[in-house]
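Below, each chain spelled out in residue letters.
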Amino acid sequence: MGVLNQFADKCRRIVPRELVRPVAHQALDLPPGLPLVQADPVLIEQVLINLLRNAADELAQQPAGQPRQIRVSAQDTGSGFVRLDVDDSGPGLAGRTAEQLTTPFYSTKPEGMGMGLAICRSVIEVHHGAFDAGMSPLGGARFSCSLPVWRADADPDAGDDPDDDADGAPGR
């Protein structure tokens, strides 16, 4: 389990380090009091680093004078999940879907291996979360990760066995 608010301090250190290319504006909107989430903080940090690097790569291709913005935000969805969004003002998804972008070995970069977003999605899904991509209010891409809120009565290992039924009984 981890606290997304703890990522605020890490983000403040990671964002400048990961954004080697010039970005005019970086915003971090992680409100205080977000609930605990069921997640491995190291793995979620790696997801965030990958999403920030991808955003920086896209912004580096923006023509001079175009806005270069990245925003990392989080919010309690009110439905048992906390959503983390990484938005940029780059060229957007160009009609590509989250499914296509997270397919292993699919890359939009000439030097890309096509594994970064596939790994991000796998990490989020193994935490019983959801990974999505769409249009950002900044005009570029938005990548969203939803992670389940931690419950004190939850067994940390519950749900890890895909053969378990919803009631926790072994699958048949």
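Let us look at the structure shown here. Keep in mind that what you see is a predicted model, and the values were worked out from it rather than measured.

### With respect to the pairing of strand β5 (residues 81-88)
Right, so step 1: Among the 8 residues in β5, 6 count as buried, and that is most of the element.
Right, so step 2: Looking at chain direction, strand β4 (residues 69-76) and β5 are connected through 7 bridges and run antiparallel. Along β5, the bridge assignment pairs I70 with D88.
Right, so step 3: Taking the residues between adjacent antiparallel strands as the criterion, β4 and β5 are bridged by 4 residues, where G78 takes a positive phi near 80°.

### Comments concerning the pattern of salt bridges
If the charged atoms of two oppositely charged side chains come close together, the side chains can form a pair.
Right, so step 1: For the structure shown, the criterion picks out 5 salt bridges.
Right, so step 2: For R83, the salt bridge is made with D85, and the minimal N-O distance between the two is 3.0 Å.
Right, so step 3: Its relative accessible area of 23% is what places R83 among the partly exposed residues.
Right, so step 4: For R142, the salt bridge goes to D87, with nearest N and O atoms at 2.7 Å.

### What to know about the nonpolar core
Right, so step 1: If you look at the biggest cluster of nonpolar residues, it comprises 30 residues, and the most contacted ones within it are V47, L51, I124, F131 and F143.
Right, so step 2: At the level of secondary structure, the elements contributing two or more residues to this core comprise α2 (41-60), β4, β5, α3 (98-101), α4 (116-126), β6 (130-135) and β7 (141-148).
Right, so step 3: The element contributing the most residues to this core is α2, with 7 residues.

### Overview of the packing of α2 against α4
Right, so step 1: For the pair α2 and α4, the least separation of the axes is 10 Å and the interaxial angle reads 150°. The two elements α2 and α4 meet at a crossing, and its hand is left-handed. Only G116, L117, C120, V123 and I124 of α4 make contact with α2, whose side of the interface consists of L43, I44, V47, N50, L51 and N54.
Right, so step 2: Of the residues contributing to the contact of α2 with α4, the split by class is 8 nonpolar, 3 polar and no charged.

### Thoughts on α4
Right, so step 1: Those residues of α4 lying buried are L117, A118, C120, R121, V123 and I124.
Right, so step 2: At the exit of α4 stands H128, carrying a positive phi of roughly 65°.

### Looking at the sheet that holds β6
Right, so step 1: Read across the sheet, 5 strands follow the order β2-β4-β5-β7-β6 without closing on themselves; strand pairing throughout is mixed. Edge positions in the sheet fall to β2 (25-29) and β6, since each has one partner strand and no second. Adjacent strand axes in the sheet meet at a mean angle of 15°, parallel and antiparallel pairs treated alike.
Right, so step 2: With 5 bridges connecting them, β2 and β4 associate as parallel partners. By the bridge assignment, A27 is partnered in β4 with R71.
Right, so step 3: The strands that α2 touches are β4, β5, β6 and β7; relative to β4, the one it contacts most, it runs at about 145°.

Here is what the cut-offs are and how they apply
Residues numbered from 1 in each chain as written. Predicted model: local features only at pLDDT ≥ 70, side-chain atom pairs only at ≥ 80, totals over all residues. Heavy atoms only, no water. Buried < 20%, exposed > 50% of the residue type's maximum accessible area, 1.4 Å probe, protein only. Helix = DSSP H or I, 4+ residues; strand = E, 2+ residues; numbered from the N terminus. Pairing = 2+ DSSP bridges. Salt bridge = Lys/Arg side-chain N within 4 Å of Asp/Glu carboxyl O. Core = buried A, V, L, I, M, F, W, Y, C linked by side-chain atoms within 4.5 Å. Axes fitted to C-alpha atoms, helices over the stretch in contact; angles between N-to-C directions. Left-handed = near helix turned anticlockwise from the far one by under 90°. Contact = heavy atoms within 4.5 Å. Nonpolar A, V, L, I, M, F, W, Y, C, P; charged D, E, K, R; others polar.

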